[in-house]
Amino acid sequence: MKKFQTILKETLEISRIPMILYDAEGTCIATTANIDEALNSSVQEFIASDVENQSMGTFHYFKVVCSDTLSYVLIVMNYTPDAFTIGRLTVCHLRHLLESQEESVTKSGFIRNLIHNSLTPTETERQIKKLKLSPVTWAAFLIECEEEYADSSAYQMLEHAFAEHKMDFCCKLSENQLLLIKDVSNITKEFKPNTVKTKKAQRRKETEPADAVQLYSSLNLFAQTLVDMLRAEVLIQTRVGYSTTADSFSELPRIYQEAATALRIRQTFFAERDTIAYNKLGIGRLISELPIDLCKAFLAEVFGSHIPTDLDEETQNTIQKFYENNLNISETARQLFLHRNTLVYRLERLEKMLGLDIRKFEDAMTFKLAMMVLAHVQG
């Protein structure tokens, strides 16, 4: 609310009349005077009244109305005979400022301000009315491009190919981040994944409602399509973090934060993935909340003073494939084009280095957790 504070300050310098500005809910947002707590109740009574202005004791009260909606309440100290006139002039100034802002309201500007909590509830309602928007069910997709590559071509593609429906929003947040808030109903209609009857999918179907499984499968397919299309059409590498769903404008900041959290945790624990869902962060979510001192103590307990911060690429690739194949030596050796004994030798060498034999489930689990904790500490 810096702009309002500036207006009141400049008015004070010219007129020597202190003023206080409240929003439509009766919360003070700018002031050049000391606020008496008793004034708050009188402001609430004035908001509930039918009058546009009134004078009580040492104060003049004014309503600032824009587009037939109460936006603010201005309180002017009744110190001079000109105080009422100065108050009315200030109300005109505030109203014209609001009207000029409304004329320049765009969907991208609206969503950018909304997710950063730069709008009061009154401003939000007024801009929703101005843009003729209505609530639907949304999901947020935060697209992180190669550094400083979120250029106009990437944004234009996002806007025209993926945000073509009335209740879709997209905006550029920084040099390498774009945000898409998409009407979920259109995703579920246009992105229907093929049903894969794996044991894992079957277990998920048994524990989650069918509609939820279908929804998040569609969101995952849409997120991967974003990555593939930007890579193929605009020639940039991207990563996408996406949220759960929201059914109201007031929840849009939440799903934006969810998408941002998913991307942040992806960078630390799941860097090999192009897309990541907020509700599928698994143990990465827990580790990301751990205090660094506690993590360092855990690493010291597991590795002692020889923490493996510099494993070579060959060793890292061997470990990754070994885990991907559920600790199966024969299958891992086949995929790495190695003789089985060569792989066993590598794993034994790793055991001597770490003090953990990842061929055993308990040691494999400990090492996996420890490496995630180490990534959190280093991140």
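This section reports on the structure supplied with the text. Each chain has its residues counted from 1, running along the sequence as written. The model is predicted, so local features are restricted to residues of pLDDT at least 70 and side-chain atom pairs to those at 80 or more, both for listing and for counting; the totals for chains, interfaces and linings are taken over all residues. Derived side-chain values reflect all non-hydrogen atoms in the structure, with water molecules and hydrogen atoms excluded from consideration.

Notes on the packing of helix α13 (residues 313-324) against helix α15 (residues 340-354)
Helix-helix packing: each pair is described by the crossing angle between the helix axes and the interaxial distance. In plain terms, the rule: Fitted lines through C-alpha atoms give the axes, limited to the stretch in contact for helices. The angle between two N-to-C directions lies from 0 to 180 degrees. Each helix is a run of H or I in the DSSP string that is no shorter than four residues. Each strand is a run of E no shorter than two, and both are numbered from the N terminus. The cut-offs work like this: below 35 degrees is roughly parallel, past 145 is roughly antiparallel, 65 to 115 is roughly perpendicular, and the gaps in between are oblique. Note on contacts: a residue pair qualifies if any of its non-hydrogen atoms lie within 4.5 Å across the two residues. All residues other than Ala, Val, Leu, Ile, Met, Phe, Trp, Tyr, Cys, Pro, Asp, Glu, Lys and Arg, Gly among them, are scored as polar; the first ten of these are nonpolar and the last four charged.
Between α13 and α15, whose axes approach to 11 Å, the crossing angle comes to 105°. With respect to α15, the element α13 is oriented roughly perpendicular. The residues of α15 that touch α13, namely those facing Glu 314, Thr 315, Thr 318, Ile 319 and Phe 322, are Leu 343, Arg 346, Leu 347, Arg 349 and Leu 350. Here the contact of α13 with α15 is composed, by residue class, of 5 nonpolar, 2 polar and 3 charged.

Focus: the sheet that holds strand β6 (residues 138-145)
Note the following rule: Any two strands with at least two DSSP bridges between them are considered paired.
Overall, mixed pairing links the 5 strands, which are arranged β7-β8-β6-β9-β10 in an open sheet. Both edges of this open sheet fall to β7 (169-172) and β10 (275-277), since each of them pairs with a single strand only. Each adjacent strand pair in this sheet contributes to an overall mean axis angle of 15°, direction not counted. One ladder, built from 7 bridges, connects β6 with strand β8 (residues 177-183); its direction is antiparallel. Within β8, the residue paired with Ala 140 across the bridge is Ile 181. Here helix α10 (residues 252-269) sits on the sheet in contact with β6, β8, β9 (238-246) and β10, set at roughly 145° to β9.

Quick look at α13
For the record, the criterion: Between the first and last residue of a helix there are one fewer steps than residues, each counted as 1.5 Å, and that sum is the expected span. Exposure is judged per residue with a 1.4 Å probe applied to protein chains only, and the accessible area is read against the type maximum: over 50% gives exposed, under 20% gives buried, and values in between give partly exposed. Working note: the arc is built from the helix axis to C-beta atom directions. Polar contact is the term for a pair of N or O atoms within 3.5 Å; when the atoms are in protein, one must be able to donate a hydrogen and the other to accept it, and sequence-neighboring residues count only if both atoms are side-chain atoms.
For α13, with 12 residues, the first-to-last C-alpha span of 16 Å sits near the 16 Å given by 1.5 Å per residue. Where α13 is concerned, the buried positions are Thr 315, Thr 318, Ile 319 and Phe 322. An end-on view of α13 places all buried positions within 95° of arc, on one side of the element. For α13, the secondary structure elements touched by its buried residues are α14 (329-335), α15 and α16 (361-378). Where α13 begins, one side-chain oxygen reaches toward the backbone nitrogen of Glu 314, 3.1 Å away; that side chain belongs to Asp 312. Downstream of α13 by a residue or two, Asn 326 has a phi angle that is positive, lying close to 55°.

Remarks on helix α6 (residues 152-162)
An α-helix turns once per 3.6 residues; consequently, residues spaced three or four apart project the same way. Among the residues of α6, Ala 154, Tyr 155, Met 157, Leu 158 and Phe 162 are the ones counted as buried. All buried residues of α6 project into a common sector of 160° when viewed along the axis, lining one side. Residues of α6 that are exposed and point over 90 degrees away from its buried face: Ser 152 and His 160.

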